[in-house]
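What the coordinates show
Take a look at the letters that make up each chain.
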Amino acid sequence: MNDDSKKEIARLKEQVGKQEKMASLGMLSAGIAHEIQNPLNFVINFSRLSVRLLQELSEAVDSLGDDPSAVIPGKPMEEIREIISDLSSNIGKIEENGNRASGIVKGILLYSRGKEDEMVPTDLCALTKEYVWLSYHAARAGNKEFNVKIVEDYQQGLPPVCVIPQDYSRVVLNLMNNACYAVFAKASGAGCPAAYEPAIRISLSRKGDDVELAVEDNGTGIDGCVQASVFEPFFTTKPIGEGTGLGLSITRTIVEKKHGGTIRLESSPGEYSRFIITLPIINRSSHGIENIERR
């Protein structure tokens with residue numbers, strides 16, 4: 001193979017890689033719309049409820065006239081305190097869900113506009129959770145019949161870890177997309193047990209000087225004869241037109257080459273697949289050694 005051919009292959013690989021990234025962004029659009037609508041619905045509903053409570057309280061206060069010692073007729077102090085308590089709770093929910101919506105927008109901006117290869121100390125629990133649910137809602141938007149039990153286990157007190165946020169997000173998306181595909185394929189396949197309950201388990205915990213992310217599904221599993229090939233570029237077990245074969249290859253590149261971590265697969269055909277990723281808390285990637293743990 002001459003140099004021109006090698007350059008052309010490299011160019012095509014780069015182009016397909018960019019198309020894969022754009023496809024990931026496209027898949028997210030419906031998931032984002034659904035995910036951001038939830039907190040916005042909370043904000044709208046609690047705002048409306050608060051307006052009614054305030055109106056009720058205002059009418060009761062207006063009935064007092066100008067006498068500061070008057071008692072609100074038909075409104076015991078216990079009931080008034082209950083209204084005030086409900087208002088305080090509603091305002092807290094409005095703030096909580098407003099911040100939730102804001103966080104989703106910030107996360108998407110970070111994903112799409114982040115500087116190339118910029119390492120940022122990151123709360124991996126929050127970022128992982130964000131993209132787990134964005135992937136789930138994207139899958140639901142593509143197939144209304146799709147449903148799966150999501151089990152999350154995030155260790156409390158994990159230190160910030162230096163990662164490239166938009167790349168780490170792609171890792172979570174790729175693994176979640178594969179897991180969703182596997183459980184749906186099993187659920188819709190012939191011979192699936194009637195009692196089968198699709199489930200995806202996500203765990204994030206500290207293991208010594210590393211943080212370990214595990215994404216496990218109880219879907220179709222992966223045959224042992226092809227497990228060694230799943231991280232190779234353009235290799236896919238999906239039917240033609242349903243996968244580019246780049247998702248796991250890109251994931252491995254992000255984990256190993258960009259973050260100095262490791263990725264491995266554990267699977268049993270017909271039972272489960274588990275992808276396990278480790279990322280160093282003390283970063284040893286090509287960006288240099290940097291201890292980002294807060295001591």
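Please read all numbers here as calculations on a predicted model, not as lab measurements. (Residues numbered from 1 in each chain as written. Predicted model: local features only at pLDDT ≥ 70, side-chain atom pairs only at ≥ 80, totals over all residues. Heavy atoms only, no water.)

**Here we look at the overall build of the chain**
Along the chain, the regular secondary structure elements total six helices and nine strands. Here the chain holds 295 residues, and the buried ones make up 40% of them. A fraction of 71% describes how many contacts in the chain between residues 6 or more apart in sequence connect residues 24 or more apart. Of the roughly 16,500 Å² of accessible surface on the chain, 53% is carried by carbon and sulfur atoms. (Helix = DSSP H or I, 4+ residues; strand = E, 2+ residues; numbered from the N terminus. Buried < 20%, exposed > 50% of the residue type's maximum accessible area, 1.4 Å probe, protein only. Contact = heavy atoms within 4.5 Å. Areas by Shrake-Rupley, 256 points an atom, 1.4 Å probe, with all protein chains shown as cover.)

**Description of the pairing of strand β7 (residues 272–280)**
Burial within β7 is extensive, with eight of its nine residues counted as buried. Summarising the sheet, strand β5 (residues 210–217) and β7 pair through eight bridges and their orientation is antiparallel. Within β7, the position partnered with Val 215 by the bridge is Phe 275. Bridge count for strand β6 (residues 262–268) against β7 is seven bridges, and the pairing is antiparallel. Directly across from Leu 265, in β7, lies its bridge partner Phe 275. In this structure, the hairpin formed by β6 and β7 is closed by a connection of three residues, where Gly 270 is found at a positive phi of approximately 80°. (Pairing = 2+ DSSP bridges.)

**Re the environment of Val 132**
Looking at where Val 132 falls in the secondary structure, it is placed in helix α3 (residues 124–142). Along the primary structure Val 132 and Val 172 are separated by 40 residues, whereas in three dimensions their C-alpha atoms are 6.7 Å apart.

**Description of helix α4 (residues 165–187)**
Compared with an ideal rise of 1.5 Å per residue, which puts 23 residues at 33 Å, α4 spans 33 Å between its outermost C-alpha atoms and is within 8% of the ideal. With 18 of 23 residues buried, α4 lies mostly within the body of the structure. (Expected span 1.5 Å × (residues − 1).)

**Observations concerning the pattern of salt bridges**
Tallied over the full model, the rule gives five salt bridges. Measuring nitrogen to oxygen at the nearest pair gives 3.0 Å for the salt bridge that ties Glu 152 to Lys 129. Residue Glu 152 is located in strand β2 (residues 149–154), and its partner Lys 129 is located in helix α3; the two are separated by 23 residues in the primary sequence. Classification of Lys 129 by relative accessible area gives partly exposed; the value is 39%. Close ionic contact of Arg 264 with Glu 266 constitutes a salt bridge, the shortest N to O distance being 3.5 Å. (Salt bridge = Lys/Arg side-chain N within 4 Å of Asp/Glu carboxyl O.)

**Details of the confidence of the model for the chain**
Across the chain, the average pLDDT comes to 77, with 68% of residues at or above 70. Here residues 284–295 scores under 50 on pLDDT; set against residues more than four positions off or in separate chains, the count is 27 contacts. (pLDDT = per-residue confidence, 0-100.)

**Considering the packing of α4 against helix α6 (residues 247–258)**
Relative to each other, α4 and α6 sit at 145°, their axes nearing to 9 Å. The hand of the α4/α6 crossing is left-handed. Of the residues in α6, those touching α4 at Asp 167, Arg 170, Val 171, Asn 174, Leu 175 and Asn 178 are Gly 247, Leu 248, Ile 250, Thr 251, Ile 254, Val 255 and Lys 258. Its residues assigned to classes, the contact of α4 with α6 comprises six nonpolar, four polar and three charged. (Axes fitted to C-alpha atoms, helices over the stretch in contact; angles between N-to-C directions. Left-handed = near helix turned anticlockwise from the far one by under 90°. Nonpolar A, V, L, I, M, F, W, Y, C, P; charged D, E, K, R; others polar.)

**Points about the sheet that holds β6**
Strand order in the open sheet formed by five strands is β2-β4-β5-β7-β6, and the pairing between neighbours is mixed. Because the sheet does not close on itself, it has two edges, and the strands there are β2 and β6. Neighbour-to-neighbour, the strand axes of this sheet turn through a mean angle of 10°, independent of strand direction. Judged from the six bridges that link them, β2 and strand β4 (residues 199–207) form a sheet pairing that is parallel. Looking at the pairing, Lys 149 lines up with Ala 199 of β4.

**Let's talk about the nonpolar core**
Among soluble globular proteins, nonpolar side chains are generally buried collectively. Among the nonpolar cores identified, the biggest contains 43 residues, and Tyr 168, Met 176, Ile 200, Ile 202 and Leu 204 are the most heavily contacted of them. Top contributing element to this core by residue count: α4, with nine residues. Setting aside residues no more than four positions away along its own chain, Met 176 makes contact with Val 132, Ser 135, Ile 150, Ile 200, Ile 202 and Val 215. (Core = buried A, V, L, I, M, F, W, Y, C linked by side-chain atoms within 4.5 Å.)

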